[in-house]
Amino acid sequence: YCRWRILGSMVDTSKKFCRIEFLHNFQTYNYRYAFGENVNDILYGIPVCEKNVMKYDIIKNQASFIDIHEEKDFAYTGGCYDKKNNCVWGIPRNANNLLKIDLLNDKITQIPLKMDFKANGIHGGHHYTGGLSNNTLYCPPRHTSNGILKIELDTFKTEIISLDTIVNQNSHYSGTVMHSNGYIYFTPSTGNYFVKFDPVYEEIYIIGDKFLGTVFGGVEIGDEIYCFSSVGVVVIDTINDSISLIHKFETKQTYYGTILHPNGNIYSWNQHNQLVEYNIEKDECKILATIYDEKNGPIYNAGGVVMSDGNIYFTPCQGRFLMRAVFE
């Protein structure tokens, strides 16, 4: 089976999901962090509505927080680790700034982008996640922003690369995948197109037809990108520039990101407070855990990261808990 052969060298099928562990209780159901970055076994949570950056050190099993002195609701969504500048960049959603997390000094800086996007509220985001290439950030549009936000990190000069004119509609995107082939792939919100972006020549390519689901990013497996979407598991063929729905869900539901585990399976967290596993070899999707919180409170984890201990650490978007899925 071709996809399984691609996975071959990295798969350890002996590791199975065992349990969910709760690492920190925030006490409230507020919106908190939107996706995170793993740097040297520390998970950095990018603040969407929190007044701080979350750090979780898996060696010390300890959560800590770096305060932000000026904040805005739904300010940032997604981050990029920048080895050259030894920092994590937080991608602007409603903020008119770029967030910089200095990893050496635990210093937070919000750098003005000199652009007023006039974006507010949960659906007001102008850009959403992003990718880092050649010391430049490229961030896909979320709502009413017309194009890809380009931020040059040497000068913080900004530019909007038109996308609406190419897809011939208001362009909503919910995720970014940096592929080893050098291209950046933007995954759509409902009723939009998958996009391949060439950061060298800044050219945009449309992949396939309009997709009637929402896709919060994906994971690279060989020449393919696997994505949990609201309608099923989608595969982007990066050689032929095509997409296919390889597993359709019985009911439409939101999945917040896609995580590739070393056991060869992919995982996601859905809107029903559930951890879900998709077995690529068997084309099998199953619910591994459902969290029944007090008064059926929301537990939405926007993305997750596999750390060196082989467990998946989830960035809590809305809900009371920082948690991890343990594999043994």
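Above this text sits the structure in question.
Anyway, here's the lowdown on the structure attached to this text. Just so it is clear, the model here is predicted, and its values are computed rather than measured.

Calculation rules
- Residues numbered from 1 in each chain as written.
- Predicted model: local features only at pLDDT ≥ 70, side-chain atom pairs only at ≥ 80, totals over all residues.
- Heavy atoms only, no water.
- Helix = DSSP H or I, 4+ residues; strand = E, 2+ residues; numbered from the N terminus.
- Rg over C-alpha atoms; globule rule 2.2 N^0.38 Å.
- Contact = heavy atoms within 4.5 Å.
- Areas by Shrake-Rupley, 256 points an atom, 1.4 Å probe, with all protein chains shown as cover.
- Lys, Arg positive; Asp, Glu negative; His and termini not counted.
- Charge placed at Lys NZ, Arg CZ, Asp CG, Glu CD.
- 1 Å grid on protein atoms, 1.4 Å probe; cavity = no way out; pocket = protein on both sides within 12 Å on 5 of 7 lines; lining within 4 Å.
- Points joined across faces, edges and corners; volume = space filled by probe spheres on them.
- Nonpolar A, V, L, I, M, F, W, Y, C, P; charged D, E, K, R; others polar.
- Salt bridge = Lys/Arg side-chain N within 4 Å of Asp/Glu carboxyl O.
- Buried < 20%, exposed > 50% of the residue type's maximum accessible area, 1.4 Å probe, protein only.
- Pairing = 2+ DSSP bridges.
- Axes fitted to C-alpha atoms, helices over the stretch in contact; angles between N-to-C directions.

### Side note on the overall build of the chain
Move 1: Within the chain, the secondary structure is distributed over two helices and 28 strands.
Move 2: Compactness check: the chain gives a C-alpha radius of gyration of 19 Å against a globular reference of 20 Å for 328 residues, within 12% of the reference.
Move 3: Across its three principal directions, the C-alpha atoms of the chain cover 50 × 45 × 40 Å.
Move 4: In the chain, the proportion of contacts linking residues at least 24 apart, taken out of those at least 6 apart, comes to 46%.
Move 5: With the model as given, the accessible surface of the chain reaches about 14100 Å², and the carbon-plus-sulfur share is 46%.
Move 6: Considering the chain, the positive charge centre built from 29 side chains and the negative charge centre built from 36 side chains are found 3 Å apart.

### What about empty space enclosed by the protein?
Move 1: Taken as a whole and assessed by the stated rule, the structure comprises one cavity of 30 Å³ or more.
Move 2: Estimates place the volume of the largest cavity at around 40 Å³.
Move 3: Taken together, Pro47, Val48, Cys49, Glu50, Ile68, Glu70, Glu71, Lys72, Ala75, Tyr76 and Gln110 make up the lining of the largest cavity.
Move 4: Taken together, the residues of the lining of the largest cavity sort by class into six nonpolar, one polar and four charged.

### Here's the deal with the pattern of salt bridges
Where charged atoms of side chains with opposite charge meet at close range, the side chains can pair.
Move 1: Evaluation of the coordinates by the stated rule reveals 11 salt bridges.
Move 2: A salt bridge links Arg19 to Glu21; the shortest N-O distance between them is 2.9 Å.
Move 3: The class of Arg19 is partly exposed, set by a relative accessible area of 33%.

### Comments concerning the layout of surface pockets
Move 1: Approximately 860 Å³ is the volume attributed to the largest pocket.
Move 2: Lining the largest pocket we find 32 residues, and of these Gly36, Glu37, Thr176, Gly218 and Thr258 sit closest to its centre.
Move 3: Sorting the residues of the lining of the largest pocket by element identifies strand E2 (33-39), strand E6 (76-82), strand E14 (173-178), strand E18 (219-221), strand E22 (259-260) and strand E26 (300-306) as the ones contributing at least two each.
Move 4: Split into classes, the residues belonging to the lining of the largest pocket amount to 14 nonpolar, 16 polar and two charged.
Move 5: Of the pockets and cavities examined, the second largest pocket occupies roughly 370 Å³.
Move 6: As for the second largest pocket, its lining consists of 19 residues, and the residues nearest its centre are Ile122, Tyr128, Arg142, Phe216 and Tyr256.

### So, the pairing of strand E19 (residues 224-228)
Move 1: In terms of residue burial, E19 counts as a mostly covered element, since five of its five residues are buried.
Move 2: Here E19 shows a buried face lined by Glu224, Tyr226 and Phe228 and a second buried face lined by Ile225 and Cys227.
Move 3: With three bridges connecting them, E18 and E19 associate as antiparallel partners. If you follow Val219 over to E19, its bridge partner there is Tyr226.
Move 4: Once E18 ends, the chain turns through two residues before running back antiparallel as E19, passing Gly222 with a positive phi of about 65°.

### Remarks on the environment of Leu137
Move 1: Residue placement: Leu137 occurs in strand E11 (residues 136-139).
Move 2: The spacing of Leu137 and Cys80 is 57 residues in sequence and 8.5 Å in space, taken between C-alpha atoms.

### A look at the sheet that holds strand E13 (residues 158-162)
Move 1: Read from one edge of the open sheet, four strands run E10-E11-E12-E13, paired in antiparallel fashion. Strand pairing shows two members of the sheet lacking a second neighbour, strand E10 (131-133) and E13, which therefore form its edges. Within this sheet the neighbouring strands show an average axis-to-axis angle of 25°, counted without direction.
Move 2: By the bridge criterion, four bridges tie E11 to strand E12 (residues 147-152) in an arrangement that is antiparallel.

Structural measurements only, silent on function.
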